[in-house]
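Listed here are the chains, written in short residue letters.
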Amino acid sequence: MDDLMYSVRNLSYRYPDGTSALHDISLDVRKGEFIGLLGANGSGKTTLLKAMDKLLKGIEGEIYLAGIDITKLSPREIYRKVGLVFQNPDDQLFAPTLFEDVAFGPTNMGLGAQDVEGRVLHALKQVDLEGLEKKSVHNLSFGQRKRACIAGLLAMGHETLLLDEPTAGLDPMGEYRMMELLQKLNKENGVTVIMATHSVDLVPVFLDRLYILSKGHFSRGGTPEDVFNAPEDMANIKLRLPHIAELIYRLKHEDKLSFDRIPLTIGEARREILKSLETSLKGR
Amino acid sequence: MDDLMYSVRNLSYRYPDGTSALHDISLDVRKGEFIGLLGANGSGKTTLLKAMDKLLKGIEGEIYLAGIDITKLSPREIYRKVGLVFQNPDDQLFAPTLFEDVAFGPTNMGLGAQDVEGRVLHALKQVDLEGLEKKSVHNLSFGQRKRACIAGLLAMGHETLLLDEPTAGLDPMGEYRMMELLQKLNKENGVTVIMATHSVDLVPVFLDRLYILSKGHFSRGGTPEDVFNAPEDMANIKLRLPHIAELIYRLKHEDKLSFDRIPLTIGEARREILKSLETSLKGR
Amino acid sequence: MSAYNCFSDNFNKETFLSAIDARIKLVVVLVLIIMVLSYKGVMFPLSVAAFSLLLCLSMRVPVRVVALRAAQPLFIAAVILVLKTFFSGQEILFSLNLFGIGLSAHADGFMEGIQITSRIIGGVSLVVALGFATPFIEFVAALSWLKVPKAFIEIMMFAYRYLFLFLDDAHTIYNAQKNRLGYVGLRKGLHSFGVLTGSLVLRGFEQSQKTADAMVQRGYTGDMPILKGEPFRTAELAGAALIMIAGGITWMI
Amino acid sequence: MYSIVLVFIVLLVLPGSVFAMHISEGILPLNWAVLWFVLALPFVAAGIKRMKDLSKNDLSFKPLIGLMAAVVFVISLMPIPVPTAGTCSHPGGTAIPAILVGPFISVLITAVALLIQALFFAHGGLSTWGADIVSMGVVGAFTGYGIFKFLRRCNAGLGVSAFCAGLLSDWAIYLTTSVELASGIRGSEPFLPLLGKIVIAFVPTQLPLGIVEGAMTAGMVTLLYRRRADLLVKLGVIKQEQAGGTL
Ligand SMILES: Nc1ncnc2c1ncn2[C@@H]1O[C@H](COP(=O)(O)OP(=O)(O)OP(=O)(O)O)[C@@H](O)[C@H]1O
Ligand SMILES: Nc1ncnc2c1ncn2[C@@H]1O[C@H](COP(=O)(O)OP(=O)(O)OP(=O)(O)O)[C@@H](O)[C@H]1O
Ligand SMILES: [Mg+2]
Ligand SMILES: [Mg+2]
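### With respect to the overall build of chain A
For chain A, the helix and strand inventory stands at ten helices and ten strands. Principal-axis analysis of the C-alpha atoms places the extent of chain A at approximately 70 × 45 × 35 Å. A buried classification covers 57% of the 284 residues belonging to chain A. Intrachain contacts of chain A at a sequence separation of at least 6 include 61% that bridge at least 24 residues. Accessible area for chain A stands at about 11,500 Å²; split by element, carbon and sulfur atoms hold 48% of it.

### Describing the interface of chain B and chain C
Between chain B and chain C, the contact holds 31 residues from the first and 25 residues from the second. Both sides of the chain B and chain C interface together cover about 2,400 Å² of buried area, and 58% of this is carbon and sulfur. Of all residues in chain B, Phe-94, Phe-104 and His-138 of chain B bury the most surface against chain C, accounting for 28% of the area lost on that side. Across the contact surface, chain B and chain C share two salt bridges. Between Asp-101 of chain B and Arg-218 of chain C there is a salt bridge whose closest N-O contact spans 2.7 Å. Our enumeration of links across chain B and chain C arrives at nine residue pairs in polar contact (both at pLDDT 80 or more). Residue assignment for the side of chain B that touches chain C shows that the elements contributing at least two residues are α2 (75-81), β6 (82-85), α3 (98-108) and α5 (142-154) of chain B. Looking at which element gives the most residues to the side of chain B that touches chain C, the answer is α3 of chain B, with seven residues. Across the side of chain B that touches chain C, the residue classes break down as 15 nonpolar, nine polar and seven charged.

### Looking at the confidence of the model for chain C
Averaged over chain C, the pLDDT score is 79; the fraction of residues at 70 or greater is 87%. Two numbers describe this predicted complex: its pTM, 0.85, and its ipTM, 0.82.

### Re the interface of chain C and chain D
Opposite the 75 residues of chain C that make contact, chain D presents 77 residues. Between chain C and chain D, a total of about 6,700 Å² is buried, with carbon and sulfur atoms accounting for 82% of that surface. Where chain C meets chain D, there are two salt bridges. Here Glu-206 of chain C and Arg-228 of chain D are joined by a salt bridge, their closest N and O atoms 3.2 Å apart. On inspection of chain C and its partner chain D, the count reaches four residue pairs in polar contact (both at pLDDT 80 or more).

### So, the coordination of the magnesium ion (ligand 3)
Residue and element names in this part refer to chain A. Those protein atoms acting as donors to the magnesium ion (ligand 3) are Thr-46 (OG1) and Gln-87 (OE1), and they sit at 1.8 to 2.2 Å. In this pair, Thr-46 is assigned in helix α1 (residues 45-52) and Gln-87 in the loop between β6 (82-85) and α3 (98-108), connecting sequence segments 41 residues apart. With a relative accessible area of 24%, Thr-46 lands in the partly exposed category.

### Looking at the confidence of the model for chain A
Looking at chain A as a whole, its pLDDT mean stands at 88, while 98% of the residues score no less than 70. By mean pLDDT, helix α2 (residues 75-81) of chain A is the weakest element of chain A at 82, and strand β8 (residues 192-196) of chain A is the strongest at 95.

### Side note on the environment of Ser-280 of chain A
Its location among the elements puts Ser-280 of chain A in helix α10 (residues 266-283). On the basis of relative accessible area, Ser-280 of chain A is assigned to the partly exposed category, the value being 24%. On a C-alpha basis, the gap between Ser-280 of chain A and Ser-258 of chain A in space is 8.0 Å, while along the polypeptide they are 22 residues apart. Apart from residues lying up to four places away in sequence, Ser-280 of chain A is in contact with Leu-277 and Leu-281 of chain B.

### Considering the site of ligand 1
With respect to spatial proximity, 22 residues lie near ligand 1, and among them Thr-46 and Thr-47 of chain A together with Ser-141, Gly-143 and Gln-144 of chain B are the closest. With respect to ligand 1, the chains having nearby residues are chains A and B. Here Asn-41 of chain A contributes a side-chain N or O atom positioned 3.0 Å from an oxygen atom of ligand 1. Contacts to ligand 1 include Thr-46 of chain A, whose side-chain N or O atom sits 2.6 Å from an oxygen atom. Protein contacts shield 92% of the accessible area of ligand 1, which totals 630 Å² for the unbound molecule.

### Re the arrangement of the chains
Highest in contacts among the five pairs of chains that touch are chains C and D. Regarding chain B and chain D, which are not in contact, the minimum distance between any of their C-alpha atoms is 10 Å.

Here is what the cut-offs are and how they apply
Residues numbered from 1 in each chain as written. Chains lettered and ligands numbered in written order. Predicted model: local features only at pLDDT ≥ 70, side-chain atom pairs only at ≥ 80, totals over all residues. Heavy atoms only, no water. Helix = DSSP H or I, 4+ residues; strand = E, 2+ residues; numbered from the N terminus. Buried < 20%, exposed > 50% of the residue type's maximum accessible area, 1.4 Å probe, protein only. Contact = heavy atoms within 4.5 Å. Areas by Shrake-Rupley, 256 points an atom, 1.4 Å probe, with all protein chains shown as cover. Buried area = accessible area lost by both parts, 1.4 Å probe. Salt bridge = Lys/Arg side-chain N within 4 Å of Asp/Glu carboxyl O. Polar contact = N/O pair within 3.5 Å; in protein donor to acceptor, adjacent residues only side chain to side chain. Nonpolar A, V, L, I, M, F, W, Y, C, P; charged D, E, K, R; others polar. pLDDT = per-residue confidence, 0-100. Donors = N, O, S within 2.8 Å, 3.2 Å for Na, K, Ca; no water. Near = heavy atom within 4 Å.

As structure tokens, then:
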């Protein structure tokens with residue numbers, strides 16, 4: 001299949017201190033997919049993303065990026081194709097000012113000063129940071145730094161984005177807007193997006209497919225519907241249902257209302273509730 | 001009133017680089033309350049919490065801790081009463097191993113080795129980090145580090161906790177369990193809790209009262225019901241309704257179902273939906 | 001990154017060696033080093049080396065790592081050996097002609113060289129084994145028992161905690177600069193090194209302020225608590241005495 | 001004689017990393033090891049005392065020194081490619097703290113970094129710790145500090161002074177290391193010719209490395225000056241009225 005963007009084959013990784021963080025992970029991501037990695041704290045999401053960006057030495061197994069074994073690619077070739085946003089913004093920002101930090105990538109790409117400036121301002125606008133260009137990155141609030149990291153990658157226009165909890169620490173509106181932005185990049189520009197996240201409530205609204213990690217193993221995968229359709233063993237993988245799903249689930253099982261399926265988003269839930277209402281009315 | 005734990009009077013603060021982060025903030029927190037600070041990224045939550053822990057120099061206005069002006073209190077006296085969990089765990093963890101980091105506080109309180117060990121193990125258990133005692137803090141995952149910070153404070157048994165987004169980066173179950181733990185400390189041990197957070201979905205379930213910050217000003221405050229009852233100007237303060245409230249709000253306004261009030265939690269929503277169903281059935 | 005990956009602390013496994021009181025290990029190693037340094041001959045240092053390397057293997061430290069660790073000192077040892085053999089001493093052992101340059105090996109020089117080389121091998125293997133067998137924290141506790149000033153130990157603890165962070169930082173900044181062709185040409189290269197160093201120092205400053213805040217808030221008043229050692233275990237003391245006596249006897253032969 | 005030196009140089013620089021500035025475990029016989037310890041101790045003790053005095057009123061001072069030690073540790077392990085010799089070598093890094101926090105505390109910082117390196121990295125050693133403190137710590141710090149202060153007094157620019165401090169402290173360290181090495185491996189040989197050989201053997205790596213070290217030191221100070229002049233003022237590196245002006 002040549003529409004595979006990433007293909008990970010039997011990946012295992014052990015940190016130098018002996019922690020075995022990934023076991024025999026295989027996954028395929030097609031071009032233009034929007035994929036989520038979910039799992040408890042310490043389940044290996046960050047490790048997996050780092051491995052996919054070739055930041056770990058000594059992995060077992062293979063990782064193919066657009067069909068090419070990443071061990072054969074130089075860092076430069078990888079960073080041209082793939083951008084990674086780290087979980088902790090402080091690991092990523094290093095230039096003195098916000099402008100310089102975001103400009104760093106485009107400058108690397110050999111763009112002219114004017115082009116660079118255009119891209120930087122556009123990227124900052126996308127993440128709602130206009131007006132802070134001259135501020136020292138160190139003096140931004142946590143959420144602002146998180147946005148800055150993302151702007152730094154947006155300015156480069158990658159075809160694949162690896163995002164380690166891009167919405168953690170963003171305010172509620174910012175979280176939605178960020179997801180909408182990623183969705184737009186994904187749908188309109190065909191950017192492949194792979195993100196680790198803990199926001200189960202947002203997942204079903206935006207993501208095509210999920211992989212669930214548990215203690216370094218894949219515990220399951222599939223569409224959000226598939227994954228959330230076995231609410232019983234969620235606790236094992238430290239997940240919970242989205243609030244909407246939880247509400248309907250309770251209405252169905254505890255209050256004995258009739259629902260055909262458990263909706264995951266507000267829109268679906270509205271439809272399901274109306275339908276259920278209809279049934280009750282008819283049943284009378 | 002002498003049951004006031006914190007009383008902030010006309011607090012303003014400007015960072016050395018000229019950013020004016022807080023304007024004329026006043027707030028009162030009674031002993032045993034569970035208070036939330038909400039607000040957009042960069043609205044000043046972290047700055048306010050730091051000011052309340054006397055970590056900022058050159059504030060204007062006054063802050064009273066249990067009736068005493070904090071400028072008159074030594075760091076030692078403050079830390080006896082108040083513990084602050086930083087937003088970024090990397091700013092907080094400093095000892096080489098997890099055990100030592102958590103043991104730092106209790107050891108400084110002059111407890112014996114056995115007592116310290118007992119407290120550390122108990123705190124680690126509370127945040128689900130048993131078994132990682134010997135691990136280097138630098139080698140923990142982000143969520144694990146966040147938990148470690150909280151354990152470090154739990155082990156000290158403060159009567160007041162300031163928490164800067166304690167649940168950011170925790171997995172969905174962890175988030176719930178953390179909130180339940182804080183609630184337990186609050187209800188059973190009478191610990192006063194003041195936390196900054198972006199998790200609007202959790203807020204109504206756990207918090208007594210909210211303060212909303214917007215660009216360094218207080219924009220409003222009150223119980224979760226009060227705050228979420230004006231959904232129209234949420235966007236200005238970069239908030240959104242909890243998902244449950246959003247669902248019912250839409251059902252009410254767009255699908256014209258009858259609801260007396262907008263519930264904020266799953267439990268309330270169940271009751272309201274059943275009631276609404278009843279009404280429709282009767283109405284027929 | 002390689003520097004980080006071969007850090008001894010990363011290979012501390014739970015073995016019988018890591019369970020032994022760090023104070024005992026430290027004292028035994030120091031005594032053995034003194035014996036190695038004062039020994040005239042090669043037998044003793046080499047047997048100490050063999051002993052230490054066996055210990056490393058028994059701790060399941062990868063051979064590659066031990067080799068990497070010992071590579072630099074071993075190389076120095078080799079150079080010293082060559083240097084001593086060819087450039088000092090009188091008794092000519094043999095001569096050879098290298099690209100028109102006449103060189104003679106000297107027997108007495110060779111002997112002196114071997115002497116130094118064996119000292120290096122013995123000493124290095126001891127320290128390597130100690131590093132692998134002792135977690136940092138226990139080492140610190142042992143130092144404090146040895147009456148190393150507390151202030152020194154505190155600084156060491158801070159340094160140890162943050163050096164991993166800075167190693168990562170240095171690595172990240174370096175790669176970022178390399179991607180931007182920061183090291184092409186002499187001027188740019190020098191400049192990039194300057195910025196890298198400066199950023200690290202700055203990070204050190206800023207982080208230290210945050211660290212101090214975090215510590216004060218948990219009761220820091222200027223002194224770090226340091227783990228207190230437990231009483232010595234007789235079996236371990238006896239074991240240590242045995243090793244030192246065995247060493248002493250070998251030393252005297 | 002010339003040919004001998006030539007062969008020696010080839011021997012030294014060809015395969016991989018050469019004599020770093022660290023003297024590794026076992027090179028020094030007991031008497032020399034002890035001597036360098038005795039020389040180093042008073043400086044370390046003075047550093048500890050000074051740090052204790054300074055940290056009385058500033059709780060963030062000890063963490064600062066600890067983190068500086070970590071920074072020096074990292075810097076002194078940075079592999080620097082040395083084109084003339086075709087190898088990598090490491091800078092000393094001592095001039096940096098010397099300029100910022102003074103020579104005595106720098107000795108302490110170096111001692112800490114060296115001990116961790118010896119134990120967990122097998123760079124340097126326990127018995128040669130004293131010797132390494134004397135060369136990298138005492139000599140490196142006092143040279144760097146002295147040069148920097150002297151040039152600043154002569155109104156030299158911040159960057160230039162720092163560059164020279166780094167450069168000369170690097171070279172001073174390597175001269176001292178050569179002396180320590182020569183006396184340690186001398187055996188029955190005469191001391192001076194051996195020292196000569198070692199010094200010359202170091203030249204191809206250390207001459208350019210000194211320049212790199214100078215550039216690092218200068219880069220560090222200028223970066224701090226541009227971004228946190230207030231820190232330089234607080235540490236007494238520059239005066240209040242100099243902050244904000246041009247270099
Ligand atoms: N540098 C490291 N050295 C050793 N162990 C590590 C390191 N980084 C992570 N680990 C361990 O590896 C496991 C996986 O960590 P990872 O950071 O991938 O988790 P994660 O899924 O990203 O968790 P989180 O949700 O908290 O970010 C954890 O048990 C963690 O303690
Ligand atoms: N050290 C600093 N120096 C200068 N300005 C700062 C500093 N820290 C924060 N600021 C600025 O002060 C304002 C308030 O920041 P603060 O960190 O209190 O926000 P916050 O509400 O905690 O945001 P977040 O939700 O992102 O954590 C922001 O505009 C920020 O850019
Ligand atoms: Mg992670
Ligand atoms: Mg904040």
